[in-house]
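Structure assessment
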Amino acid sequence: MSVNDVINDDFNAQLSEKAQFVNDTLSGLIAGRTDIAGVLKEAITYTLNAGGKRVRSALVLWCCELIKGKVNRNAEIAASAIEMVHTYSLVHDDLPAMDDDDFRRGQPTCHKAFDEATAILTGDALLTLAFEILAKEIDNPTVAVRLIGELAQAAGSAGMIAGQMADLKAEKGLGSREVLEYIHTNKTAKMFRCAAAMGAICAEAEKGEFDRLCEYGLKIGLGFQVADDILDVCASSEHLGKTAGKDAKAGKVTYPAVIGMKESKLFGKKLADEAIAALEPFGRRADNLRNLAIALLKRTK
Ligand code: GRG
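A short tour of the structure in this document, coming up. (Residues numbered from 1 in each chain as written. Predicted model: local features only at pLDDT ≥ 70, side-chain atom pairs only at ≥ 80, totals over all residues. Heavy atoms only, no water.)

A few points about the site of the ligand
The following threshold applies: When we say a residue is near a molecule or strand, we mean one of its heavy atoms is within 4 Å of it. Throughout this description, a polar contact denotes any pair of N or O atoms lying within 3.5 Å of each other; where both atoms belong to protein, one of them has to be capable of donating a hydrogen while the other can accept it, and for residues adjacent in sequence the pair is counted only when both atoms sit in side chains. Note on areas: Shrake-Rupley, 1.4 Å probe, and residue coverage restricted to the protein chains presented here. Only DSSP runs of H or I reaching four residues or more are called helices, and only runs of E reaching two or more are called strands; each is numbered from the N terminus. Residue type decides the class: Asp, Glu, Lys and Arg count as charged, Ala, Val, Leu, Ile, Met, Phe, Trp, Tyr, Cys and Pro as nonpolar, and the leftover types, Gly among them, as polar.
By nearness alone, 18 residues border the ligand, and K53, R56, H86, R105 and Q225 come closest of all. For the ligand, an oxygen atom lies 2.8 Å from a polar atom in the side chain of R56. Contacts to the ligand include R105, whose side-chain N or O atom sits 2.7 Å from an oxygen atom. When the free accessible area of the ligand is taken as 700 Å², the share hidden by the protein chains comes to 92%. Counting residues per element, the ones that place at least two in the shell around the ligand are α4 (73-93), α8 (160-169), α9 (177-202) and α10 (207-234). Of all the elements, α4 adds the most residues to the shell around the ligand, at six residues. Here the residues of the shell around the ligand are counted per class, giving five nonpolar, seven polar and six charged.

This is the structure:
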């Protein structure tokens, strides 16, 4: 299978099924928390229910399924944890001090639906809840510690926060390709690598399998961000569910701005091809992951 292949309806149905599964797990985890109350619970629920694509959590589940043959409860918890951290990052990214956005996932951003202080606290709550569920719900302490370590590293100051900081500090329109790769690898790709790593850890993968899945995750993560930069130029706000054309307007360092649209598309394809190549030893069992690499490259939102 290569990036020239077309995604079939069966894959799309499986992705929707995984998204629904993650939505149900998240709802169960939050609804069951009678110790979380009031506006904070409302804002957490609003934000988690706003309808994200659940790509990172599907990746956790598929990587576990690939190695173990099925999704286990640890993978369900890991998938929810990474979705919570991802959602926190979007809530904080949308704040006036950061990207200052009014819409996310087709709905008013958390600080617009509630207020700025509530949005800050909702992000904080989602971030800490993710680590709480990993510490409390994973059935094996060694697995829990590994998951916590991977997620903290990917989301933290040598990962997503480093990428966000570099993005905010990048000189308008003056970024080199190296700077761009640093920003996107840290801000986006490491979380995809982490999703693959978490799925592999929950399935107790061997080192060789773990390394290959991590390589695959990093490649599709960077490819996902290249596609995101392209969509910001090409798609409408209504279609994306967030403000389109913002990157160019803000003079942001993006792939189309730094290497041009044609090169950006070629680079996205190269990353998807390399991701698919990393899956070679898994054979047909990894077809969902291959399809995911293609779907992320060809996505329209
Ligand atoms: C505030 C610590 C902090 C970090 C923010 C995630 C992020 C870092 C910023 C969001 C803006 C952005 C363009 C991030 C790149 C990653 C990305 C494309 C996020 C959106 O992910 P999707 O498309 O979102 O998977 P859904 O809504 O489908 O979950």
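Now that the structure has been shown, we can carry on.
Points about the nonpolar core
The condition that has to hold: Working definition of a nonpolar core: buried Ala, Val, Leu, Ile, Met, Phe, Trp, Tyr and Cys residues. They are joined through side-chain atoms within 4.5 Å. Exposed residues in this analysis have more than 50% of their type's maximum accessible area, buried residues have under 20%, and partly exposed residues fall in between, with area computed by a 1.4 Å probe over protein chains only. Contacts between residues were defined by any pair of non-hydrogen atoms, one from each residue, lying within 4.5 Å.
Residues L59, L151, L213 and Y216 are the most contacted members of the largest nonpolar core, which totals 72 residues. If we skip the residues at most four places from it in the chain, L213 touches C63, L66, I67, A196, A200, L279, F282 and L289. Ranked by size, the runner-up nonpolar core spans 10 residues in total, among them L180, A189, L222 and Y255.

A closer look at the side chain of T109
With respect to the helices and strands, the residue T109 is situated in the loop between β2 (107-108) and α5 (110-113). Using a relative accessible area of 1% as the deciding quantity, one classes T109 as buried. Residues within four places of T109 in sequence aside, it is in contact with D94, D101, D102, F103 and R104.

Details of the environment of R54
Of note, R54 is situated in the loop between α2 (38-48) and α3 (55-68). For R54, a relative accessible area of 3% puts it in the buried group. Expressed as a C-alpha distance, the spacing of R54 and A13, which sit 41 residues apart in the sequence, is 13 Å. Apart from the residues within four sequence positions on either side, R54 is in contact with A19, V22, N23, L26, L48, E83 and R105.

Function-wise, these values are silent; they only describe arrangement.
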